[in-house]
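Structural overview
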Amino acid sequence: MSQNKNTADEAKILTAEQEEELLKPIDDHVGAIQKQIDALRVDGEEKIVTLKNQIQLAKENKALTKEERDKIINASNTELAKAKEVEAKNKAEVDRLIKEAEDYLKANYAKEYADKVNASCDQEKLLADKKYNDRLAQLKAEHEAAVAKINASSDVHKDQEVKDENYVYKNKQFDARLSYEKDLQAVKDRRHEVFTHEYHLIDLLRRSRFTYGERRAQSWENYKYTFNRRQFLLKNGLYIVIVLVFIALCIAAPIVKNTKLLTLNNVLNIMQQASPRMFLALGVAGLILLTGTDLSIGRIVGMNMVISTVVMHKGVNTGSVFGKIFDLTGMSLGGRAFLALLLCILFSVLFTSLAGFFTAKFKIHPFVTTMSNMLIIFGLVTYGTKGVSFGAIESGIPQMFIPRLGKFPTIILWAVAAIFVVWFVWNKTKFGKYLYAVGGNSEAAAVSGISVFGVTLGAFMMAGVLYGFGAWLECLRMVGSGSAAYGQGWDMDAIAACVVGGVSFTGGIGKISGVVVGVMIFTALTYSLTILGIDTNLQFVFEGIIILTAVTLDSLKYVQKK
């Protein structure tokens, strides 16, 4: 009975020849239409592409004289105009043929081919499951019989023989598992081929002009096809744990503190606190991309907080800087704010450029150069201010640059602008491409003609600009309170946010979206723990565990690739 059932199940599985027979009428019908479309495109669309390439090559060919170049370009432009006329003339017929082919695919591809093959795949998977389970049951029975036979013998070495038999049994189970996974992969491959073949036909018809929905469908299919559980956990395991921690905190907050954690006001507060820190993280992310780091971020923030507070101080400064008391009350509030921003950027770039120069020129590790910066900056600012805090700034200045629109803090918009600008630099400029290239392999980048010195120094200078902006915004957010000690520990927060966000210390790997996620995670975690009344020292413990876990997962991904 079981044998008959297996035979019946196997009969439902399509052979490769049967699949070809199902697909042939569809390919033939769409192929015939495709030939008509291709014929209409020869003197139109295809010729336009050829002529445009010909014109571009003529422009770039330095061996040609100006007269020869102009002659080729003029002749090509004449032919190009004719080709465009042909394209316009044939467009309506091409569109009609494309629609005819697509309508045929919609009516027949799933019904006559895809559904039948997928049903065959379903049946094949069921048989693979049964085959695997039957094999495991057989191996278990054989193993138990072998162990019983060994135990029944009088051999003095039977304990070792049992161990050997257990080892052999595990190997056979492993082989069965490999065979099973191979069968499942074959089914998965067939399903994927069925899906992609339809889009291949559409691709030929439309020349890769897919709709948004079609692009999303292809992306989702590719994600499912290439999904690997181990890789997924290595990439997202930390985020999953952090989300679970936040859920636990949201549950604990009403119980422990009789307050809700996940409210609109709290979310806006988290985003407001994260905004200045976003600038710092975006700055150091470029250095980590180059396998570097920056230990001076916190001290640069402290320096800029002092500069900003002194320049924008409410009234005459009560404290002195290197023995001099500054009175800038004669300037307009807007002028003082811009002066403070300019000085913050200027001093930040000065110090980051210093570290960048020694790193790029003498190959000194950024750990050393930025640590030196940290000590120099803290020493100078503390000596110059005698460690005094400079109090509040003019309250009208924050209202000018980061006003609240109802409950919404507009400081968030500054962070959004910074994210967009840095994303553009990283992804749409030569400098961004060079940044990834140098971070991935500096020697190969140098051989290909990229200035490693220029890219490294540029990354440090860009970081300085972002640090200056971030500290200036923090001064506006806090309405002053500038001191040399302000910003202590912010370097670790910025670096940790980048690492958690997937910017790898191995170099050349990272995305702006990851940095944003990392900053939000750490700001939200700190905010949540503070609301719950968790001691600041214990918050450092949480942060340390998250950093260690993130770097460990990053190292595992790197080792696996190697």
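Every value quoted in this text rests on a predicted model; they were computed, and no experiment measured them.

Attention now goes to the overall build of the protein chain. Of the regular secondary structure elements, the protein chain holds 19 helices and two strands. For the protein chain, the C-alpha radius of gyration of 33 Å lies well beyond 24 Å, the compact-globule estimate for 562 residues. The C-alpha extent of the protein chain, read off along each of the three principal axes, is 100 × 95 × 50 Å. Put simply, of all contacts in the protein chain between residues at least 6 apart along the chain, 79% involve residues at least 24 apart. Of the accessible surface of the protein chain, which amounts to about 31100 Å², a share of 62% is contributed by carbon and sulfur atoms. Charged side chains in the protein chain number 65 positive and 56 negative. The centres of these two groups are separated by 8 Å.

With that out of the way, let us pick up the nonpolar core. Most often, soluble globular proteins keep nonpolar side chains buried together rather than apart. By size, the foremost hydrophobic cluster in this structure holds 96 residues, and its most contacted members are Leu282, Met312, Trp472 and Leu476. Core analysis: the next-biggest nonpolar cluster, separate from the first, contains 24 residues, Leu14, Leu23, Ile26 and Phe210 among them.

It is worth spelling out a nonpolar patch on the surface at this point. On the surface, Leu233, Ile240, Val243, Leu244, Ile247, Ile251, Ile255 and Val256 cluster together to form a nonpolar patch covering roughly 770 Å² of accessible area. Take Ile251: it is sitting in helix H7 (residues 229-256). Residue Ile251 is classed as exposed on the basis of its relative accessible area, which comes to 53%.

The next thing to look at is the packing of aromatic side chains. Under the counting rule described, the total for this entry stands at 21 aromatic pairs. Ring geometry for Tyr109 against Tyr113: centres 5.4 Å apart, planes inclined by 65°, an arrangement best described as edge-to-face. Here Tyr109 pairs with Tyr113, and both are found in helix H4 (residues 66-152), just four residues apart, close to one helical turn. One exposure class covers both Tyr109 and Tyr113, and it is buried. Site record: aromatic cluster; members linked through ring pairs are Phe279, Phe338, Phe401, Trp414, Phe469 and Trp472. Taking the ring centre of Tyr383 as reference, the NZ or CZ of Lys386 above it sits at 4.6 Å.

Take the state of the cysteines next. Enumeration over the complete set of coordinates arrives at zero disulfides. Here Cys344 is not cross-linked by a disulfide; its sulfur's nearest cysteine counterpart is in Cys475, at 7.5 Å. Here Cys344 falls in the buried class, since its relative accessible area comes to 0%.

Note on placement: Lys188 falls in helix H5 (residues 158-206). A C-alpha to C-alpha distance of 56 Å links Lys188 and Asp70, two positions 118 residues apart in sequence. In contact with Lys188, not counting residues within four places along its chain, are Lys224, Tyr225 and Phe227.

The phi angle at Ser208 is positive, at roughly 65°, despite the residue not being glycine. Checked against the element boundaries, Ser208 lands in the loop between H5 and helix H6 (212-226). Take Ser208: its relative accessible area is 47%, and that puts it in the partly exposed class.

What counts and how
Residues numbered from 1 in each chain as written. Predicted model: local features only at pLDDT ≥ 70, side-chain atom pairs only at ≥ 80, totals over all residues. Heavy atoms only, no water. Helix = DSSP H or I, 4+ residues; strand = E, 2+ residues; numbered from the N terminus. Rg over C-alpha atoms; globule rule 2.2 N^0.38 Å. Contact = heavy atoms within 4.5 Å. Areas by Shrake-Rupley, 256 points an atom, 1.4 Å probe, with all protein chains shown as cover. Lys, Arg positive; Asp, Glu negative; His and termini not counted. Charge placed at Lys NZ, Arg CZ, Asp CG, Glu CD. Core = buried A, V, L, I, M, F, W, Y, C linked by side-chain atoms within 4.5 Å. Buried < 20%, exposed > 50% of the residue type's maximum accessible area, 1.4 Å probe, protein only. Patch = residues over 30% accessible without salt bridge, like charges linked within 9 Å, V, L, I, M, F, W, Y side chains within 5 Å. Salt bridge = Lys/Arg side-chain N within 4 Å of Asp/Glu carboxyl O. Phe/Tyr/Trp six-rings, centres within 6.5 Å; stacked < 30°, edge-to-face > 60°. Lys NZ or Arg CZ within 6 Å of the ring centre and 35° of its normal. Disulfide = S-S within 2.5 Å.

Function cannot be read off these values alone, since they describe shape.
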